[in-house]
Amino acid sequence: MAGAGLVVVVTGASRGIGYSIGRELAVRMPGASLYLTTREAQNIQALEATLRRDIGVSSGNVKFRMMDLKDKRSIAKFVDVVKRKHNRLDILVNNAAVYHKPPSSVHQACETLPLYSKEVEEIIKTNYLGLRAVTESFIPCLAQNSRIINISSHLAQLAMFNTSDVASAKLADSFSNPNLSIAMLDSLVKSYLASIKSGNWSSAGWPDCAYSVSKVAVNSYTRILQAQLTNSHPKLFVSVNAVCPGTHHSKMRQAREDTISTQDSADMIAYLATMRLEGVGDCSVPQTAVPRGEVLWHDLSCTRSSAIDSDKGVQRDH
């Protein structure tokens, strides 16, 4: 059976693109053990029933599990379950994220600073810090030819920084620095949170949209992690990529012609996740052509954010 013996985790899979990715991977890999996570434990039975109605017997090896990326204990508990049962992970799709619409102006944000600060903290804790915690917890049990896909966003482009402003241009340069380390990236994120709490983020060069900042951090982390794993585990051939799903988001302003359907996006992400997996994915793609350390659009072309080459071993093919 396709995918037999493989282990897959998709976070934030209770609805939308996360659910669709999990469903598509279950259909393509009915023999694999799939874990789909949700923050709401009370919904698990209903989610499993819905999946059974959607794909029938292909859902047999799929389990929904509770995990809250803002809670370290919740992350540790979930990761421990997967490790104890399988001691391996072949595919990790980091989809779980939160979005709060940014204020219409800096003045409006400053008027409601405690609320704005709380929303920003939740976004960063979930979208960047939580994603990192899950990913790094699974690194010790990554299998040969495993892959990590971080769901990014069209809002996560370095163009959001105002390069005519000295402070903002410096931040853009910092995020795109090919020698950026995780410690340096964490320091950038901490400085952003500090600027929010003090109310001077705008003069410090930061944009108003915290979601954008969190996803820019994810894009940078993707590149850094790929370089680290290439150097530390060269024989595992782990691939780490970030993907802009291209789907419509009800809380974001997007022209319909600029988006694709949830199913089309799930197909693309499942294709990338299973690329060169024997008996499951497209094995006609040469190993050297598999994206590694890239930030990709929904058609798998590289975004400008991934145009900076790393000197730390990231393989590229254009």
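Residues numbered from 1 in each chain as written. Predicted model: local features only at pLDDT ≥ 70, side-chain atom pairs only at ≥ 80, totals over all residues. Heavy atoms only, no water.

A few points about the sheet that holds strand 2 (residues 33–38)
Working step 1: Read across the sheet, seven strands follow the order 3-2-1-4-5-6-7 without closing on themselves; strand pairing throughout is parallel. Each end of this open sheet is capped by a strand with a single partner; those strands are strand 3 (62–66) and strand 7 (295–296).
Working step 2: Along the sheet, helix 5 (residues 113–138) makes contact with strand 1 (7–10), strand 4 (89–94) and strand 5 (142–151), crossing strand 4 at roughly 175°.
Working step 3: Seen against the sheet, helix 9 (residues 262–274) touches strand 4, strand 5, strand 6 (239–243) and strand 7 and runs at an angle of roughly 155° to strand 5. (Pairing = 2+ DSSP bridges. Helix = DSSP H or I, 4+ residues; strand = E, 2+ residues; numbered from the N terminus. Contact = heavy atoms within 4.5 Å. Axes fitted to C-alpha atoms, helices over the stretch in contact; angles between N-to-C directions.)

As for the nonpolar core
Working step 1: Formed by 54 residues in total, the largest nonpolar core has its most connected members in F138 and Y192.
Working step 2: Secondary structure elements with two or more residues in this core: strand 1, helix 3 (72–86), strand 4, helix 5, strand 5, helix 6 (166–176), helix 7 (182–198) and helix 8 (210–232).
Working step 3: Core analysis: the second largest hydrophobic core is formed by 36 residues, L36, L51, A273 and L296 among them. (Core = buried A, V, L, I, M, F, W, Y, C linked by side-chain atoms within 4.5 Å. Buried < 20%, exposed > 50% of the residue type's maximum accessible area, 1.4 Å probe, protein only.)

A look at unusual backbone geometry
Working step 1: For F237, which is not glycine, the phi dihedral falls at a positive 55°.
Working step 2: Looking at the element boundaries, F237 is found in the loop between helix 8 and strand 6.

Brief notes about empty space enclosed by the protein
Working step 1: Applying the stated criterion to the full structure yields four cavities of 30 Å³ or more.
Working step 2: Of the voids in this model, the second largest cavity is the one considered here, and its volume is about 40 Å³.
Working step 3: Along the walls of the second largest cavity sit H100, K101, P102, Y116, E119, V120, I123, D208, C209 and A210, which together make up its complete lining.
Working step 4: A total of four residues in the lining of the second largest cavity trace back to one element, the largest contributor, which is helix 5.
Working step 5: Grouping the constituent residues of the lining of the second largest cavity by class yields six nonpolar, one polar and three charged. (1 Å grid on protein atoms, 1.4 Å probe; cavity = no way out; pocket = protein on both sides within 12 Å on 5 of 7 lines; lining within 4 Å. Points joined across faces, edges and corners; volume = space filled by probe spheres on them. Nonpolar A, V, L, I, M, F, W, Y, C, P; charged D, E, K, R; others polar.)

Overview of the packing of aromatic side chains
Working step 1: On inspection of all chains with the given rule, the structure shows nine aromatic pairs.
Working step 2: With a centroid separation of 6.3 Å and 75° between ring planes, the pair formed by Y35 and F78 is classed as edge-to-face. Of this pair, Y35 sits in strand 2 while F78 sits in helix 3, and the two are 43 residues apart along the sequence. The burial state of Y35 is the same as that of F78; both residues are buried.
Working step 3: Seen in terms of ring centroids, Y192 and W206 are 4.9 Å apart; in terms of plane orientation they differ by 55°. Their pairing is tilted. Linking Y192 in helix 7 with W206 in the loop between helix 7 and helix 8, this pair joins segments that are 14 residues apart in sequence.
Working step 4: Judged by relative accessible area, which is 5%, W206 ranks as buried.
Working step 5: Three or more aromatic residues joined by ring pairs make a cluster, and in this case those are F161, F175, Y192 and W206. (Phe/Tyr/Trp six-rings, centres within 6.5 Å; stacked < 30°, edge-to-face > 60°.)

Description of the pattern of salt bridges
Working step 1: As enumerated under the stated definition, the model contains nine salt bridges in all.
Working step 2: D68 is paired through a salt bridge with K70; the nearest N and O atoms lie 3.3 Å apart.
Working step 3: With a relative accessible area of 18%, D68 lands in the buried category.
Working step 4: With a relative accessible area of 34%, K70 lands in the partly exposed category. (Salt bridge = Lys/Arg side-chain N within 4 Å of Asp/Glu carboxyl O.)

Some details on the confidence of the model for the chain
Working step 1: Averaged over every residue, the pLDDT of the chain is 91; residues scoring 70 or more account for 92%.
Working step 2: Below pLDDT 50 for its whole length, residues 306–318 participates in 33 contacts with residues either more than four positions away or in separate chains. (pLDDT = per-residue confidence, 0-100.)

Concerning the side chain of D68
Working step 1: Structurally, D68 is set in the loop between strand 3 and helix 3.
Working step 2: Apart from residues lying up to four places away in sequence, D68 is in contact with R39, S74 and I75.

Quick word on the pairing of strand 2
Regular strands place side chains that alternate from one sheet face to the opposite one.
Working step 1: Across the six residues that make up strand 2, a large majority, five, are buried.
Working step 2: Handedness of the strand 1-helix 1 (residues 16–28)-strand 2 crossover: right-handed.
Working step 3: Alignment of strand 2 against strand 3, held across five bridges, turns out to be parallel. In the strand pairing of strand 3, L34 is matched with V62.
Working step 4: Crossover strand 2 to strand 3 through helix 2 (residues 44–55) is right-handed. (Right-handed = clockwise from strand over helix to strand, strands pointing away.)

Regarding the side chain of E24
Working step 1: With respect to the helices and strands, E24 occurs in helix 1.
Working step 2: With sequence-adjacent residues up to four places away left out, E24 is seen in contact with Q263, A266, D267 and A270.

Points about helix 2
Working step 1: For helix 2, spanning twelve residues, the distance from its first C-alpha to its last is 17 Å, which sits close to the expected 16 Å at 1.5 Å a residue.
Working step 2: Considered for burial, the residues of helix 2 that qualify are I44, L47, L51 and I55. Buried positions in helix 2, seen along its axis, are confined to an arc of 60° and lie on one side of it. What points out from helix 2, more than 90 degrees from its buried face, is the exposed set Q45 and R53. (Expected span 1.5 Å × (residues − 1). Arc of directions from axis to C-beta.)

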